[in-house]
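# A look at the structure
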Amino acid sequence: MLHCKPIGYRMANRSMSRLAQWCSRVFMVEINQKTEPIYFALSSKPGARNSELEALLGSGKLFSVCALCDGRVQSARSHAHLKTALTEKLAPGCDLFDTASFLPDVNNSLIRGFFLRDNSALSSAERVVTQLQQKGSVCVFRYTREENGDYLCSAVTHEPAERERSYYVTPAPAPQHHPSTLNITNSDVFYQLAEAYKVLQECSDIIPESKAVLELVEEQQLESNSSHDKRFPVIVIEGLDATGKTTLTCSLQKALGAVLLKSPPECLAQFRQRFDAEPPLIRRAFYALGNYITAAQIARESSHAPVIVDRYWHSTAAYAIATAVSGREENLPAVGSEIYEWPSDLLRPSLVLLLSVSPEERLRRLTHRGLDKTEEESQLEINHLFRRKVDEAYKRIQNPACMVVDASPSPDHVLQQVLCLIRNKCNL
Ligand SMILES: Nc1ncnc2c1ncn2[C@@H]1O[C@H](COP(=O)(O)OP(=O)(O)OP(=O)(O)O)[C@@H](O)[C@H]1O
Ligand SMILES: Nc1ccn([C@H]2C[C@H](O)[C@@H](COP(=O)(O)O)O2)c(=O)n1
């Protein structure tokens, strides 16, 4: 991961300016989600030592690896494949940590990779990473300790000049903004139809379903001018899984004589599993496009009836941000950040309601329902940190912001409460 790979970068032809770029980067290793990451930099001069680096580098054989590809789609997929390969092949006794290198507080500068600490009996990590490297597109760096206690980093390569060159590993301060927030715009959250569209266009050779999705987007855009004439209100119901969205939206549909829509729309249901298996860049672009299809449907339907929408952009953005931002809730972009702004070209609803229940009640409902859970739902259940980040991200989204509704009472009580809110806010 130590190779801030500008696209097309060739290790063998590294120039002094490339070298300087390396050394201007900071590296972050995440030992676990609950503790602060460890930050370090590379330098041609030895620097101070600290206990965090000592704890990270003090034992075992140490490597960092990252997938090197041209193009963001290939990079995202190669990173995911690298993770699968490492998880499958590393022997017990090897620790695998998420790692990234970045330019502090510079948007889109983050490059993700992995850090390996091998304390296994057979020291298998070196063999595994070398094999992966031979298959191509993987960069490997090794960390060693000098007799005087300094840590050095060098490239694992057949190029003698590269191999002989090494850098001191020195502690670096934590940046102002958590590094995992740097690449969110247009990689995890899309703020214009054209940006999400481009991602699926770039995928169309490797994921043939992308073409069908893009055709559906085009069809819907042609059929609608997406301008909401404001004759009937558009009410979005949001919330984590099993907070009661389906129950409430069906009741609202009947009570208001409304049209019920959802995002992603039915026409994308057949493609959802396929895109859920892809890395965030592709998966999130798919959901973003789903919102634009739903927006076109809203624009049409709201001309003759109130419209209720089960999930919309708040869900797309909140889940994407919570997944992209590692660690604790404090690492989320601050309230008021442009990350939480509504896309300029996406139809805005009249009202967004966020259903909220306690984690215990949600779990009770999930268990009672007994349906298969997607990976992300299971993660919500086991990963308290993730659930808190999704919930907080929901609440930070602006223009329109959501109103929180206590969804713990009985279904009928929740319905009456929501009808009251709708009548007050939307003059229905
Ligand atoms: N107000 C309520 N009180 C008690 N149980 C409820 C309430 N609302 C819904 N439930 C029950 O909780 C479970 C989840 O509800 P529902 O399917 O409506 O949630 P959801 O938010 O649509 O979930 P998902 O996003 O996973 O589709 C269901 O078994 C439902 O009957
Ligand atoms: N508009 C939407 C709707 C859903 N998602 C994503 C977020 C979660 O990964 C998952 C939850 O949906 P559910 O299981 O309740 O159908 O789908 C999204 O990104 N945007």
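Residues numbered from 1 in each chain as written. Chains lettered and ligands numbered in written order. Predicted model: local features only at pLDDT ≥ 70, side-chain atom pairs only at ≥ 80, totals over all residues. Heavy atoms only, no water.

### Some points on the site of ligand 1
Note the threshold: One heavy atom within 4 Å of a molecule or strand makes the whole residue count as near it. As used in this structure description, the phrase polar contact means that two N or O atoms lie within 3.5 Å; if the pair is within protein, one of them must be able to donate a hydrogen and the other to accept it, and residues adjacent in sequence are counted only when both atoms belong to side chains. All accessibility values rest on the Shrake-Rupley procedure with a 1.4 Å probe; residue burial counts only the protein chains present in the view. For helices the rule is a DSSP run of H or I covering at least 4 residues; for strands it is a run of E covering at least 2, with both sets numbered from the N terminus onward. When residue character is reported, Ala, Val, Leu, Ile, Met, Phe, Trp, Tyr, Cys and Pro are called nonpolar, Asp, Glu, Lys and Arg charged, and the others, Gly included, polar.
The environment of ligand 1 is made up of 15 residues, and the closest members are Ala242, Lys245, Thr246, Thr247 and Pro409. Residue Arg365 places a side-chain N or O atom 3.2 Å away from a nitrogen atom belonging to ligand 1. For ligand 1, whose unbound accessible area comes to 630 Å², protein coverage reaches 77%. Broken down by secondary-structure element, the contributors of at least two residues to the shell around ligand 1 are helix H8 (245-256) and helix H12 (359-369). With 3 residues, the top contributor of residues to the shell around ligand 1 is H8. In terms of residue class, the shell around ligand 1 is made up of 5 nonpolar, 5 polar and 5 charged.

### Structural notes on the confidence of the model for the chain
The condition is simple: A score between 0 and 100, pLDDT records how confident the predictor is in each residue. Residue contacts follow a heavy-atom distance rule, with two residues in contact if any of their heavy atoms lie within 4.5 Å.
Here the chain averages 89 in pLDDT, and 90% of its residues register 70 or above. Below a pLDDT of 50 lies the segment residues 1-19, which in the model reaches 58 contacts outside its immediate sequence neighbourhood of four places, other chains included. Across the interfaces of the predicted complex, the ipTM metric reaches 0.98, alongside a pTM of 0.92.

### Points about the pattern of salt bridges
The following threshold applies: Basic side-chain nitrogens of Lys or Arg form a salt bridge, by our definition, when they fall within 4 Å of a carboxyl oxygen of Asp or Glu. Relative accessibility decides the category of a residue: with a 1.4 Å probe and only protein chains considered, values under 20% of the type maximum give buried, values over 50% give exposed, and everything between is partly exposed.
What the rule picks out here adds up to 19 salt bridges. For Asp98, the salt bridge identified is with Lys83, shortest N-O distance 3.9 Å. Of the two residues, Asp98 is situated in strand E4 (residues 94-102) and Lys83 in helix H3 (residues 72-89); the sequence distance between them amounts to 15 residues. Judged by its relative accessible area of 30%, Asp98 is partly exposed. Here Arg328 and Glu330 are joined by a salt bridge, their closest N and O atoms 3.6 Å apart. Assessed through its relative accessible area of 33%, Arg328 is described here as partly exposed.

### Focus: the sheet that holds strand E11 (residues 307-310)
For sheets, the rule is that strands pair by backbone hydrogen bonds, running either parallel or antiparallel. The criterion, for reference: By the convention used here, strands pair only if DSSP detects at least 2 bridges between them. Geometry is summarised by axes, namely lines fitted to C-alpha atoms with helices restricted to the contacting stretch, and by angles between N-to-C directions that run from 0 to 180 degrees.
Read from one edge to the other, the open sheet built from 5 strands follows the order E10-E11-E9-E12-E13, with strand pairing classed as parallel. Unpaired on one side and paired on the other, strand E10 (259-262) and strand E13 (403-406) mark the two borders of the sheet. Sheet twist, expressed as the average angle between the axes of neighbouring strands with direction ignored, equals 25°. Inspection of the sheet shows strand E9 (residues 234-238) paired to E11 by 4 bridges, in the parallel sense. Bridge assignment links Val234 to a residue of E11, and that residue is Val307. Against the sheet, helix H10 (residues 280-301) contacts E9, E10 and E11, and its axis sits at roughly 170° relative to E10.

### Focus on the domain arrangement of the chain
Keep this limit in mind: The domain boundaries here were taken from an automatic or database domain assignment. Buried surface area refers to the total accessible area, computed with a probe of radius 1.4 Å, that the two partners give up upon joining, counted for both partners together.
Each assigned domain of the chain is listed with its residue range as follows: domain 1 (2-181) and domain 2 (193-426). Contacts between the two partners involve 14 residues from domain 1 and, on the opposite side, 21 residues from domain 2. Carbon and sulfur atoms make up 52% of the area that domain 1 and domain 2 hide from each other, which totals about 1,500 Å². Its largest share of buried area at the contact with domain 2, domain 1 owes to Gln33, Arg72 and Arg77, together 40% of the area lost on that side. Run the count over domain 1 and domain 2 and you get 3 salt bridges. A salt bridge links Arg77 to Glu278; the shortest N-O distance between them is 2.9 Å. Applying the counting criterion to the domain 1 and domain 2 interface returns 6 residue pairs in polar contact (both at pLDDT 80 or more).

### Some points on the packing of aromatic side chains
What counts here: Any pair of Phe, Tyr and Trp rings, taking the six-membered ring for Trp, is counted once the centres come within 6.5 Å. Such a pair is stacked with planes under 30 degrees apart, edge-to-face with planes over 60 apart, and tilted for the rest.
Applying the stated criterion to the full structure yields 10 aromatic pairs. For the pair Phe275 and Phe286, a centre-to-centre distance of 4.6 Å together with 5° between the ring planes defines the contact as stacked. Taken together, the positions of Phe275 in helix H9 (residues 269-276) and Phe286 in helix H10 put the pair 11 residues apart, joining distant regions of the chain. Like Phe286, Phe275 is buried. Connected via pairs of aromatic rings, a cluster forms that spans Phe27, Phe40, Phe115 and Tyr143.

### Observations regarding the sheet that holds strand E5 (residues 111-118)
The strand order around the closed barrel built from 8 strands is E1-E2-E8-E7-E6-E3-E5-E4, with neighbouring strands paired in antiparallel fashion. Ignoring strand direction, the axes of neighbouring strands in this sheet form an average angle of 30°. Pairing geometry for E4 and E5, over 8 bridges, is antiparallel. Note that in E5 the partner of Asp98 across the bridge is Phe114.

### A short note on the packing of H9 against H10
Definition in use: For classification purposes, angles smaller than 35 degrees are called roughly parallel, those larger than 145 roughly antiparallel, those between 65 and 115 roughly perpendicular, and all remaining angles oblique. Crossings are assigned a handedness: left-handed for a near helix turned anticlockwise from the far helix by less than a right angle, right-handed for a clockwise turn.
In contact at an axis separation of 9 Å, H9 and H10 are set at 160° when each is read in the N-to-C sense. The orientation of H9 relative to H10 falls into the category roughly antiparallel. Along this stretch, H9 crosses H10, giving a crossing that reads as left-handed. Residues Phe271, Arg272, Phe275 and Asp276 of H9 touch H10, and the partners they reach there are Ile282, Arg283, Phe286 and Tyr287. Split into classes, the residues belonging to the contact of H9 with H10 amount to 5 nonpolar, no polar and 3 charged.

### Observations concerning the nonpolar core
Using the following cut-off: Each nonpolar core is a collection of buried residues, namely Ala, Val, Leu, Ile, Met, Phe, Trp, Tyr and Cys, held together in the definition by side-chain atoms within 4.5 Å.
By size, the foremost hydrophobic cluster in this structure holds 64 residues, and its most contacted members are Leu289, Tyr312 and Ile321. Looking at this core, the element that brings in the most residues is H10, giving 12 residues. Excluding residues within four positions of it along the chain, Leu289 makes contact with Leu193, Ala196, Tyr197, Leu200, Val213, Leu214 and Val217. Core analysis: the next-biggest nonpolar cluster, separate from the first, contains 22 residues, Leu53, Leu56, Leu57 and Val169 among them.

### Points about the pairing of E5
Every regular strand shows the same layout, with side chains that alternate between the two sheet faces. The element E5 is extensively covered by neighbouring structure, given that 7 of its 8 residues are classed as buried. In the sheet, strand E3 (residues 61-67) pairs with E5 via 5 bridges, with the strands oriented antiparallel. Within the sheet, the bridge partner assigned to Leu62 lies in E5 and is Arg117.

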